[in-house]
Number of protein chains: 2
Amino acid sequence: MKLLEDMIREKGIVKEGNVLKVDSFLNHRMDIKLFNEMGKEFKRLFADKNINKILTIEASGIGIACIAAQYFDVPVVFAKKAQSINIDGDVYSTSITSFTHKREYQVIVSKKYLSGEDHILIIDDFLANGCALEGLIKLVHDAGATVEGIGIAVEKGFQNGGKIIRDMGMNLHSLAIVESMDASTGEIVFREDA
Amino acid sequence: MKLLEDMIREKGIVKEGNVLKVDSFLNHRMDIKLFNEMGKEFKRLFADKNINKILTIEASGIGIACIAAQYFDVPVVFAKKAQSINIDGDVYSTSITSFTHKREYQVIVSKKYLSGEDHILIIDDFLANGCALEGLIKLVHDAGATVEGIGIAVEKGFQNGGKIIRDMGMNLHSLAIVESMDASTGEIVFREDA
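Small disclaimer: the values here were computed from a predicted structure and weren't measured. (Residues numbered from 1 in each chain as written. Chains lettered and ligands numbered in written order. Predicted model: local features only at pLDDT ≥ 70, side-chain atom pairs only at ≥ 80, totals over all residues.)

A. Spatial organisation of the overall build of chain A. When its secondary structure is counted, chain A shows five helices and eleven strands. Taking 2.2 N^0.38 as the reference for a compact globule, 194 residues should give roughly 16 Å; the C-alpha atoms of chain A span a radius of gyration of 16 Å, in line with that estimate. Across the 194 residues of chain A, 47% fall into the buried class. Taking the contacts inside chain A whose residues are at least 6 apart along the sequence as the reference set, 60% of them involve residues at least 24 apart. (Helix = DSSP H or I, 4+ residues; strand = E, 2+ residues; numbered from the N terminus. Rg over C-alpha atoms; globule rule 2.2 N^0.38 Å. Buried ≥ 20, exposed ≤ 12 C-beta atoms within 10 Å, placed from the backbone. Contact = placed C-beta atoms within 7 Å.)

So, in structure tokens, the structure goes:
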């Protein structure tokens, strides 16, 4: 998606350690106009799918998922990190290792909000090693629901998450795939087919 | 706001310990149509204010804030809980005690995304003892920015947060104020002027 690639080139910051900072428009300050264009693009990409619910994970997936949900006319469920006393005991649960925070955490979705009848579009802001996505897919499958598609804003194509998820047979679309990036020059190269 | 009150009456669950569960439409499964009506109502309530940015806090404020932002045509910044390695060192920071999770945590906003020129609308899903809101107000004031208004979905009027924030002179509007609730009967009484 050219608009997103342009934004990443213009405002993204490449840091040592394979860190791409896009917090000025994607995951700290959120550019809602951009999110609307991304939502339209997700709708175009998954137009032929019968989707009745969007699943995302807190925190930075929520904004993108909520704006996109307007184009699908469906509710959003977000997976929560760690147990809250406000969640009933009956939850689907899995463990995810965070690349960003270098730790493992539990992710839960109430069984009330995922069922065998659900046709799910998973949306998240980033795909790197794929751990978060694998966790979300597991939650959907544990519920007996169907993953109709996965929409990602930014995929780090030089990490293996995209390959792992596509090799599972998942219908994965990333709006921008970073093929390579250079912290010394700030140069970012995108995969052509994204 | 009648639509929200009706939804709380119909789908909210009152539990012992002053817990009101609205996770079927507000903060786990998110009803995006409802969020749009809430966004329109926030715009009506703060129509005369010159707002250039919405500030919220992860996780459950983000969806409401992003949908509302469309009616104000402004970006959203969300305050993050705890330090992330992807956040630069230059942050405004404060400590918040969570009623829900019964613990204290740090909340941060990058100094890049709050400045003295900002006219902020703070949006969050819940107001109970007001700790989270006091923290967000402190972050805005630390940046030298102006709080133009505060929009809350559900206020627990029987807790003291609303009084504390209004006594600070803040322009606070809650779309539904629960005056009292009874865990044994499930009855919920709303304040008339909300």
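B. Spotlight on the relation of the copies chain B and chain A. Expressed as a screw transformation, the operator carrying chain B onto chain A has a rotation angle of 180° and an axial translation of 0.0 Å, and the superposed copies differ by an RMSD of 0.0 Å. Such values leave the two copies arranged in the relation of a two-fold axis. Interface overlap between copies is the fraction of interface residues in one copy that are interface residues in the other; for chain B against chain A it reaches 100%, indicating a shared surface. (Least-squares fit on C-alpha atoms with pLDDT ≥ 70 in both.)

C. Structural context of the interface of chain B and chain A. With 31 residues of chain B in contact, the opposing surface of chain A contributes 31 residues. Of all the elements in the fold, those that place two or more residues in the side of chain B that touches chain A are strand E2 (19–21), strand E3 (29–30), helix H2 (32–45), helix H3 (61–72) and strand E5 (76–81) of chain B. Ranked by the residues each element gives to the side of chain B that touches chain A, the list is headed by H3 of chain B, at six residues. Here the side of chain B that touches chain A is built from residues that sort into 15 nonpolar, nine polar and seven charged. Direction of pairing for strand E3 (residues 29–30) of chain A relative to E5 of chain B: antiparallel, over a ladder of two bridges. Counted as the bridge partner of Arg 29 of chain A is Val 77 of chain B from E5 of chain B. (Nonpolar A, V, L, I, M, F, W, Y, C, P; charged D, E, K, R; others polar. Pairing = 2+ DSSP bridges.)

D. Local environment of the pairing of strand E8 (residues 119–127) of chain A. Residues and elements named next belong to chain A. Counting buried residues in E8 gives eight out of nine residues, a clear majority hidden from the surface. As judged from the three bridges shared by strand E4 (residues 53–57) and E8, these two strands associate in the parallel manner. By the bridge assignment, Lys 53 is partnered in E8 with Ile 120. Across eight bridges, the pairing between E8 and strand E9 (residues 146–156) is parallel. Residue Phe 126 lies in a different strand from E9, and its bridge partner there is Val 154. Note that the unit made of E8, helix H4 (residues 131–142) and E9 has a crossover that is right-handed. (Right-handed = clockwise from strand over helix to strand, strands pointing away.)

E. View of the nonpolar core. Counting residues in hydrophobic clusters, the biggest one holds 129 residues, and the most contacted among them are Cys 66 of chain A together with Cys 66 of chain B. The contacts of Cys 66 of chain A, once residues within four sequence positions are left out, are Val 76 of chain A together with Met 30, Ile 32, Phe 35, Gly 63, Cys 66 and Ile 67 of chain B. (Core = buried A, V, L, I, M, F, W, Y, C linked by C-beta atoms within 7 Å.)

F. Looking closely at the packing of helix H1 (residues 2–11) of chain B against H2 of chain B. All names here are of chain B. Two elements in contact, H1 and H2, have axes separated by 10 Å at closest approach and are oriented at 145°. Contacts from Leu 3, Leu 4 and Met 7 of H1 reach H2 at Leu 34, Glu 37 and Met 38. Considering only residue class, the contact of H1 with H2 consists of five nonpolar, no polar and one charged. (Axes fitted to C-alpha atoms, helices over the stretch in contact; angles between N-to-C directions.)

G. Structural view of the environment of Ile 13 of chain B. Relative to the helices and strands, Ile 13 of chain B is located in strand E1 (residues 13–15). In the structure, Ile 13 of chain B is positioned 141 residues away from Val 154 of chain B in sequence and 13 Å away in space, judged by C-alpha atoms.

H. Region of the structure containing helix H4 (residues 131–142) of chain B. Residues and elements named next belong to chain B. Its twelve residues place the ends of H4 16 Å apart at the C-alpha level, agreeing with the 16 Å of an ideal helix rising 1.5 Å per residue. Within the sequence span of H4, burial applies to Ala 132, Leu 133, Gly 135, Leu 136, Ile 137, Leu 139 and Val 140. Once H4 finishes, Gly 144 follows within two positions and takes phi at roughly 75°, a positive value. (Expected span 1.5 Å × (residues − 1).)

I. Just H4 of chain A, in detail. Residues Ala 132, Leu 133, Leu 136, Ile 137, Leu 139 and Val 140 of chain A constitute the buried set of H4 of chain A. Buried residues in H4 of chain A, looked at end-on, bunch into an arc of 155°, giving them a common side. (Arc of directions from axis to C-beta.)

J. Local environment of the environment of Arg 9 of chain B. One can find Arg 9 of chain B in helix H1. The sequence separation of Arg 9 of chain B and Val 22 of chain B amounts to 13 residues, and the corresponding C-alpha distance is 9.9 Å.

K. Up close: unusual backbone geometry. All names here are of chain A. With an omega dihedral of 0°, the bond running from Glu 58 to Ala 59 counts as a cis peptide bond. Within the element layout of this structure, Ala 59 appears in the loop between E4 and helix H3 (61–72). With a phi angle near 60°, Asn 18 is a residue other than glycine that sits in the positive phi range. With respect to the secondary-structure elements, Asn 18 resides in the loop between strand E1 (13–15) and strand E2 (19–21). Given 14 C-beta atoms within 10 Å, Asn 18 falls into the partly exposed group.

L. Inspection of the environment of Asp 90 of chain B at higher detail. Mapped onto the elements of the fold, Asp 90 of chain B is located in the loop between E5 and strand E6 (91–98). C-alpha separation for the pair Asp 90 of chain B and Asn 171 of chain B, spaced 81 residues apart in sequence, amounts to 29 Å.

M. Highlighting the confidence of the model for chain A. For chain A, per-residue confidence averages 94 on the pLDDT scale, and 94% of positions sit at 70 or higher. With pTM at 0.96, the complex prediction returns an ipTM value of 0.95. (pLDDT = per-residue confidence, 0-100.)

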